[in-house]
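For reference, the chains in residue letters:
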Amino acid sequence: MFAFIVGRILAAIPVLVIVSLLTFVIIYFVPGDVASELAGPTATPDEIEQIRDRLGLNQPFVTRLVSWYGALLQGDLGHSFLLNQTVSHAILERLPVTLSVTAYALVIVLLIGMTTGIIAAVRANTWVDQGMMGIALIGLSLPDFWLGLVMIYVFAVVLGWMPTGGYVEFSESPLGWLRMTTMPALSLALTQVGLLARMTRSGMLEVLRQDYVRTARAKGLPGWMVVGKHALANVMVQVVTVVGVSVGILLGGQIVIESVFSLPGVGRLIVGAILRRDYPVIQGGLLLTATIFVVVNLIVDLLYAYFDPRIRYGR
Amino acid sequence: MAALLSVSNLTIAFGGTPVVEDMSFTLDPGEVLGIVGESGSGKSMTALALLRLIPPPGRVTHGRIEFDGIDVLAQPEAAMQDLRGRAMSMIFQEPMTSLNPVFTIGEQIEETLRVHERLDRAATRRRAVELLELVEIPAAARRLGDYPHQLSGGMRQRVMIAIALACRPKVLIADEPTTALDVTIQAQILDLLRGLRKELGMAVILITHDLGVVAEFADRVMVMYAGRVVENAPAAALFATPRHPYAEGLLASIPRLDGPIQRLNAITGMVPSPHAMPPGCRFAPRCPHARDACAERIPATTDLGGGRSVACIRETGYRQTEAVS
Amino acid sequence: MAASPATATAAPVGPGALRRLIRHRSFLIGATLFTFVVAMALLADWIAPHPPNQSNFRYRFGEPNDIYWLGTDRSGRDVLSRVIYGSQVSLRIGLMVVIVTAFFGAIIGSIAGYFRALDDIIMRVMDGMMAFPGILLAIAIAAALGPSELNAVIALSIAYTPRTSRIVRASVLVVREMEYVEAARAIGAGHLRILLRHILPNSITPLIVQMTFIFALAILAEAVLSFIGVGPPPPTPTFGNIIADGRNYIQEAPWISLFPGIAIAMCVLGLNLLGDGLRDALDPRMKVER
């Protein structure tokens, strides 16, 4: 088990290296002159040159790459062009919002997605199954940010049950937090609920055909134990791999959803930075999101081993 | 002596297609019944029907199963769950896939005990160790924490047997228990089953396509062909003088070590598909004794006395059947 | 008896597949939905009641009525016409992305799958790219390149090429072990010939299925890019731009954002159903790869 964990962690390192390299390269190749944009239309060539010097934009590629990695290794993501903050500070301040909403959405995805998938599989080819899978497919075809707007219209504007946006910290008021995050989390979750329901259903159908399920029935276990224990434990192995992908999509979706619901998270920070060409913040946000994703996938790998002893014991 | 299990006129169908038809037999307490036939003859479906575990869309369309005074087909599902694994257990052909890969074998034995018997945790564990010892797994206590993939095929089948015997069933149904195993392991598992039957006194239904296995173990043999019982006889009688041409053919196709070296007599042709059954006697197209009359109607089962019955037109006479029709 | 390795690969595209497709209910529903949107895009010049960018300042935020079936936006532009013309842009972007990702995916995937020496490096890079949530990578690239239709295509293609590459690589890995490939090698066929003539045609089925799903993803992602302002710049009508136009007026004029979203859903649902149908018809054994 220990060797497995170490192996997984080591395998994540080259991915992180490539992630950071890509982040650097994307911004390096930005066309147009960042310095003149920053300086504004009234700046003199001298002023622009000064800015260029200060930001190190005159350095050759390799020098800039080296200093980017040098700073990165010290945890320094640079200084925002526009906010009066370091990038790491700006991100860390907003990270709890993004992470908590993502986690909330993930809980919704797991609860509803798996329950739906299991019920559909147990009732396979009945109208229950067909109805659920139809809804799941429609769900995963809806754009999440649009769904957010529709929910704002229905639940905030027409019904007045929910606020149209904003944020309250969980530590301040858990109920207020729920009020503010339920719609964003739901609209983020819906596409993934559809995906997971479909996956769980097909996984469950496959597992229910297995010999060990027949054994479990032949042992006289009640139906809920056959499905909820023997079958589910094997479906989990498949579900866990999907969850890794889902978290990535939830994190990506968050970028837009935070703007729709005015949540002060990393996603809105990145969108703001994109619109105002605040490259260090874009870079930092990208790098951080990808790193979270890599870490999540690492956790998924470990969970995978937890759910499947054949992997845990190295087969 | 009252029969432990009695099956009468059982018909199992998938959609509109019967895979087992009009089957009747009884099983006495402690008796070993061998059910023999080629794959597709309906042996396994019969076994699953006894536990009411036929996979949908298959179902019993006709007949009656009575076990230990209970009408099995009329029981509510909860009563069946109580019966399965406690009074009537089953082991399967594929030990490699019949155990759940994500639970320890200890858990898989103990949960059977937990659902059927009220024992405390320590007693359950003790019983699990005893059961592993019963099926002759060495270092039983240490094995409880193993996962199935850590065990060999033979070991896994032993674990399956331990699970099946956990609650001392009155009947053990063994569906091709040795088919997937190496020859040497096959012999070990059969020895084990034989020993356990003597020790625990349960009845056994042994399903196999291998007459050799039956010869060593069964008190009585039921031969199935294309979903129907063609002969049911005490083992010794069947092996001495098979009456149905199919049983005859099966026996002739066993290589003999004691006779002169000769060509092995295989039965020519193939088992018909359930969708395309021949008219009349289903074995007729492959039968060396077949005549026109065989294709006219399904031959009646004739009781020959001495616990023996055969479904072949020869027992009643070709002409008599012709006259009847 | 050992299973023949031939059973492990996809069935070739043949008349049987076509028959299965025509009988596949979800394929038919999907085809209908998607054809509807495609027809809307192709016939835009004839069916759109108004020019997409024609303002009518006397009728701003107009509710749906018999002149403006789906209402008007804040400059009094007809939402229906904008959705119709928007489908042109959105479908064009989706189609381009599909073509580009399929092309590069086929090249990268077959090189990685065929030349094992390069496999590790290529797949490491692909893993690195896939470590970004696809939409995030696309947003970053589109933001770096600047808002335009071409740049949206480039950004989305870069984001989704790792997916097609992986799919092609996986099937090339299976196909390259087939007897007929060994036979071709034995008679002295060159690498390029083996790849183009023998391996790629037999690895194409999963790619075709994946292409429909990428089409769907690209349409969703294009909407996101436009919505946050890094897609084709306004006033170009795209689904995302129209939704963005309406987002600040969701209270007064919900129809502006509502209808383009429904159009996206029709496209994506149609493509997803098409993809499911194709997958079932071309290769019943194929797992859900999304």
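Check the entry above for the structure.
Quick notes on the rules
- Residues numbered from 1 in each chain as written.
- Chains lettered and ligands numbered in written order.
- Predicted model: local features only at pLDDT ≥ 70, side-chain atom pairs only at ≥ 80, totals over all residues.
- Heavy atoms only, no water.
- Helix = DSSP H or I, 4+ residues; strand = E, 2+ residues; numbered from the N terminus.
- Contact = heavy atoms within 4.5 Å.
- Lys, Arg positive; Asp, Glu negative; His and termini not counted.
- Charge placed at Lys NZ, Arg CZ, Asp CG, Glu CD.
- Buried area = accessible area lost by both parts, 1.4 Å probe.
- Salt bridge = Lys/Arg side-chain N within 4 Å of Asp/Glu carboxyl O.
- Polar contact = N/O pair within 3.5 Å; in protein donor to acceptor, adjacent residues only side chain to side chain.
- Nonpolar A, V, L, I, M, F, W, Y, C, P; charged D, E, K, R; others polar.
- Expected span 1.5 Å × (residues − 1).
- Buried < 20%, exposed > 50% of the residue type's maximum accessible area, 1.4 Å probe, protein only.
- Arc of directions from axis to C-beta.
- Phe/Tyr/Trp six-rings, centres within 6.5 Å; stacked < 30°, edge-to-face > 60°.
- Lys NZ or Arg CZ within 6 Å of the ring centre and 35° of its normal.
- Axes fitted to C-alpha atoms, helices over the stretch in contact; angles between N-to-C directions.
- Left-handed = near helix turned anticlockwise from the far one by under 90°.
- Core = buried A, V, L, I, M, F, W, Y, C linked by side-chain atoms within 4.5 Å.
- Domains from an automatic or database assignment.
- Pairing = 2+ DSSP bridges.

1. Re the overall build of chain C
- What chain C contains, in helices and strands, is 11 helices and 0 strands.
- When the helices and strands of chain C are listed from N to C terminus, the series reads α-α-α-α-α-α-α-α-α-α-α.
- Long-range contacts, defined as pairs at least 24 residues apart, comprise 73% of the intrachain contacts of chain C with a sequence gap of at least 6.
- Across chain C, the mean location of the 24 positive side-chain charges is 5 Å away from that of the 19 negative side-chain charges.

2. Quick look at the interface of chain A and chain B
- The interface of chain A with chain B comprises 22 residues on the first partner and 28 residues on the second.
- Surface buried jointly by chain A and chain B totals about 2200 Å² across both partners, of which 60% is contributed by carbon and sulfur atoms.
- It is A:Arg214, A:Ala218 and A:Lys219 that lose the most area in chain A upon contact with chain B, and together they represent 26% of the buried surface on that side.
- Linking chain A with chain B are 3 salt bridges.
- In this structure, the connection of chain A to chain B is made through 12 residue pairs in polar contact (both at pLDDT 80 or more).
- Of all the elements in the fold, those that place two or more residues in the side of chain A that touches chain B are helix 9 (211-218), helix 10 (223-260) and helix 13 (309-312) of chain A.
- Classifying every residue of the side of chain A that touches chain B by side-chain character gives 9 nonpolar, 5 polar and 8 charged.

3. Focus on helix 8 (residues 183-200) of chain B
Residue and element names in this part refer to chain B.
- Helix length check: helix 8 (18 residues) gives 26 Å between terminal C-alpha atoms against 26 Å at 1.5 Å per residue, within 8%.
- Every buried residue of helix 8 is listed here: Gln 186, Ile 189, Leu 190, Leu 192, Leu 193, Leu 196 and Arg 197. Along the long axis of helix 8, the arc covered by the buried residues comes to 160°, so they all point the same way. Seen from the open side of helix 8, the exposed residues pointing more than 90 degrees away from its buried face are Thr 184, Lys 198 and Glu 199.
- Contacts made by the buried residues of helix 8 are with strand 3 (32-36), helix 5 (121-134), helix 7 (153-165), strand 7 (171-175), strand 8 (203-208) and helix 9 (211-217).
- Note on helix 8: the residue one or two positions beyond its end, Gly 201, has a positive phi of about 70°.

4. A short note on the packing of aromatic side chains
- On inspection of all chains with the given rule, the structure shows 13 aromatic pairs over all chains.
- Through successive ring pairs, a cluster of aromatic residues spans A:Phe24, A:Phe61 and A:Trp68.
- Seen from the ring of B:Phe103, A:Lys229 lies directly overhead, with NZ or CZ sitting 5.2 Å from the centre.

5. Topic: the packing of helix 4 (residues 105-116) of chain B against helix 5 of chain B
Residues and elements named next belong to chain B.
- Where helix 4 meets helix 5, the axes come as close as 9 Å, and the angle between the chain directions of the two elements is 115°. Remark: the crossing between helix 4 and helix 5 carries right-handed chirality. In contact with Ile 105, Ile 109, Glu 110, Leu 113 and Arg 114 of helix 4, helix 5 contributes Thr 124, Arg 125, Arg 127, Ala 128, Leu 131 and Leu 132.
- Of the residues contributing to the contact of helix 4 with helix 5, the split by class is 6 nonpolar, 1 polar and 4 charged.

6. Topic: the environment of A:Val168
Residue and element names in this part refer to chain A.
- Considering the arrangement of structural elements, one finds Val 168 in the loop between helix 7 (144-158) and helix 8 (174-208).
- Counting along the chain gives 103 residues from Val 168 to Leu 65, while the straight-line C-alpha distance between them is 40 Å.
- Discounting chain neighbours no more than four positions away, the residues touching Val 168 are Ser 173, Gly 176, Trp 177 and Met 180.

7. A look at the arrangement of the chains
- No other pair among the 2 pairs of chains in contact exceeds the contact count of chains A and C.
- Without any contact between them, chain B and chain C keep their closest C-alpha atoms 13 Å apart.

8. Things to note about the side chain of C:Asn151
Residues and elements named next belong to chain C.
- Take Asn 151: it is sitting in helix 7 (residues 149-175).
- Judged by its relative accessible area of 13%, Asn 151 falls in the buried class.
- Within the structure, Asn 151 has its side chain in polar contact with the backbone oxygen of Leu 145 (distance 3.0 Å).
- Those residues in contact with Asn 151, other than ones at most four positions away along the chain, are Leu 145 and Gly 146.

9. A few points about the nonpolar core
- Ranked by size, the top nonpolar core spans 155 residues in total, and within it A:Phe145 and C:Phe227 carry the most contacts.
- Counting the residues that make up this core, at least three belong to each of domain 1 (2-73) and domain 2 (87-307) of chain A.
- Filtering out sequence-adjacent residues up to four positions away, A:Phe145 remains in contact with A:Val256, A:Ile257, A:Val260, C:Ala223, C:Val224, C:Phe227 and C:Ile243.
- Among the nonpolar cores identified, the runner-up in size contains 99 residues, and B:Met88, B:Met160, B:Ala166 and B:Leu181 belong to it.

10. Thoughts on the sheet that holds strand 2 (residues 17-27) of chain B
Residues and elements named next belong to chain B.
- On the basis of which strands lie adjacent, the open sheet formed by 4 strands has the order 2-1-4-5 and antiparallel pairing. On the outer flanks of this sheet lie strand 2 and strand 5 (70-71), each paired with one strand and no other.
- Helix 1 (residues 43-50) rests against strand 1 (5-14), strand 2 and strand 4 (58-67) of the sheet, and its axis sits at about 115° to strand 1.

Note that all results are geometric; they support no functional claim without further evidence.
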